[in-house]
Amino acid sequence: MELIQQTPHLSAYLAADEAIDHRHPVVRETAARLAERAADSYAYAHAAYEFVRDTIPHSADSGDPRVTWRASDVIEQRTGICHAKAHALAALLRAEDIPTALCYQRLLHDGGGHVVHGLVAVRFDGAWHRQDPRGNKPGVDARFSLHGERLAWVPDEKSSEADYPVLYAVPHPVVLSALKAAPDRPVLSKTLPTAL
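A brief look at the structure comes next. These numbers were taken from a predicted model, which means no experiment stands behind them. Counting restarts for each chain: residues are numbered from 1 in the order of the written sequence. With the structure being a predicted model, the display of local features is reserved for residues of pLDDT at least 70 and the display and counting of side-chain atom pairs for 80 or more, all residues being used for whole-chain, interface and lining totals. As a convention, hydrogens and water are excluded, and side-chain values are obtained from all of the structure's heavy atoms.

Concerning the overall build of the chain
Every helix listed is a DSSP run of H or I at least four residues long, and every strand listed is a run of E at least two residues long, numbered separately from the N terminus. A tally of regular secondary structure across the chain gives 7 helices and 6 strands. Helices and strands in the chain line up, N terminus first, as β-α-α-α-α-α-β-β-β-β-β-α-α. Based on the C-alpha atoms only, the size of the chain along its principal axes is roughly 45 × 35 × 30 Å. Burial classification: accessible surface area is computed with a 1.4 Å probe over protein chains only, and a residue below 20% of its type maximum counts as buried, one above 50% as exposed, and the rest as partly exposed. Here the chain holds 196 residues, and 51% of them are scored as buried. Only heavy atoms matter for contacts: two residues are in contact if any of them lie within 4.5 Å across the pair. Contacts spanning at least 24 positions in sequence make up 63% of the contacts within the chain whose residues lie at least 6 apart. All accessibility values rest on the Shrake-Rupley procedure with a 1.4 Å probe; residue burial counts only the protein chains present in the view. As presented, the chain carries roughly 9000 Å² of accessible surface, and 51% of it is formed by carbon and sulfur atoms. Averaging the locations of the 21 positively and 25 negatively charged side chains of the chain gives two centres separated by 3 Å. This count recognises Lys and Arg as positive and Asp and Glu as negative, with His and chain-terminal groups excluded. Taken as the charge centre is NZ of Lys, CZ of Arg, CG of Asp or CD of Glu, depending on the residue.

Here it is as structure tokens:
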């Protein structure tokens, strides 16, 4: 699949906004801590990915009812669904000047029907590489990779699952609206978009 930038301007994939608030002190402090131990930008990106994947539980896996959507809140409260974790990873990467996009998949939902799943793409060596920081669990083994995708799921076209090729500089409006409007995760699970 060919990934398509929503905007041709790479600077858009370094910008801060209300969800990817990489200028927030919590994000800056976390980025600085991770950067101290990283030899280069690749090592930093790998460390940031593992930090989000492994130290911020996916709220559906942990049973946490809170809904987070702003990167600083995800990092501070240590909880979030896939979209929130993607916002946190994007903020940490952009804080260190690594262009990062938000991208999406349409997957079958455990409770039936479909749901939009959120991940990121990072730009290294002139190419975009998708990464899924959702968090591993039995049956899910996502890993940071610039040499072939190691995502949580590969969509099954026969089940009407799909990869969306667009690389967004900001969260998709329907996803962000659902996150911001949900009072808790059980409500969010019923209001997340089923397609883009």
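Regarding the side chain of Asp64
If you trace the backbone, Asp64 turns up in the loop between helix H3 (59-62) and helix H4 (71-77). Setting aside chain neighbours within four positions, we find Asp64 in contact with Ser59, Thr79 and Arg185.

Topic: the nonpolar core
Only buried residues count toward a nonpolar core, which is a set of Ala, Val, Leu, Ile, Met, Phe, Trp, Tyr and Cys residues joined through side-chain atoms within 4.5 Å. Core analysis: the biggest nonpolar cluster contains 50 residues, and Tyr44, Ile75, Leu92, Leu93 and Leu102 have the highest contact counts within it. Elements represented by at least two residues in this core include exactly helix H1 (25-36), helix H2 (41-55), H4, helix H5 (82-95), strand S2 (100-108), strand S3 (114-124) and helix H6 (173-181). If one sorts the elements of this core by residue count, H5 sits on top with 9 residues. The contact partners of Tyr44, leaving out residues within four places of it in the chain, are Ala31, Leu34, Ala35, Ala38, Leu92, Leu93, Glu96 and Ile98. With 10 residues, the next largest nonpolar core counts Leu3, Tyr13, Cys103 and Leu151 among its residues.

A short note on the layout of surface pockets
The computed volume of the largest pocket comes to approximately 540 Å³. Of the grid points, spaced at 1 Å and generated over the protein atoms alone, those admitting a 1.4 Å probe that cannot get out make up cavities, while open sets with protein on both sides within 12 Å along at least five of seven lines make up pockets; any residue with an atom within 4 Å of a point is treated as lining. Lining the largest pocket are 22 residues; nearest its centre among them are His58, His109, Asp110, Val115 and Arg134. Counting only elements with at least two residues in the lining of the largest pocket, the list comes to H3, S2, S3 and helix H7 (185-191). Counting residues per element, the lining of the largest pocket draws most heavily on H7, at 4 residues. Note on residue categories: nonpolar means Ala, Val, Leu, Ile, Met, Phe, Trp, Tyr, Cys or Pro, charged means Asp, Glu, Lys or Arg, and polar means any other residue, Gly included. Counted by class, the lining of the largest pocket contains 12 nonpolar, 4 polar and 6 charged residues. Grid points are joined across faces, edges and corners, and a volume is the space filled by probe spheres set on the points.

Quick look at the environment of Pro99
Along the chain, Pro99 falls in the loop between H5 and S2. Overall, Pro99 belongs to the buried group, its relative accessible area being 12%. Along the primary structure Pro99 and Thr191 are separated by 92 residues, whereas in three dimensions their C-alpha atoms are 30 Å apart. Setting aside its immediate chain neighbours within four residues, Pro99 contacts Leu10, Tyr13, Leu14, Ala121, Val122, Arg123 and Trp128.

A short note on the packing of aromatic side chains
We call Phe, Tyr and Trp rings a pair once their centres come within 6.5 Å, taking the six-membered ring for Trp, and we label the pair stacked below 30 degrees between planes, edge-to-face above 60, and tilted otherwise. A complete count under the given rule lists 5 aromatic pairs for this structure. With centroids separated by 5.1 Å and ring planes inclined at 65°, the aromatic side chains of Tyr13 and Trp128 adopt a geometry described as edge-to-face. Of the two residues, Tyr13 is situated in the loop between strand S1 (4-5) and H1 and Trp128 in strand S4 (residues 127-131); the sequence distance between them amounts to 115 residues. Classification of Trp128 by relative accessible area gives buried; the value is 12%. By the ring-pair criterion, three or more aromatic residues cluster together here, those being Tyr42, Tyr49, Phe124 and Phe144. Its end group placed over the ring of Trp69, Lys180 keeps NZ or CZ at 5.1 Å from the ring centre. When the NZ atom of lysine or the CZ atom of arginine is within 6 Å of a ring's centre and also within 35 degrees of its normal, the charge is said to sit over that ring.

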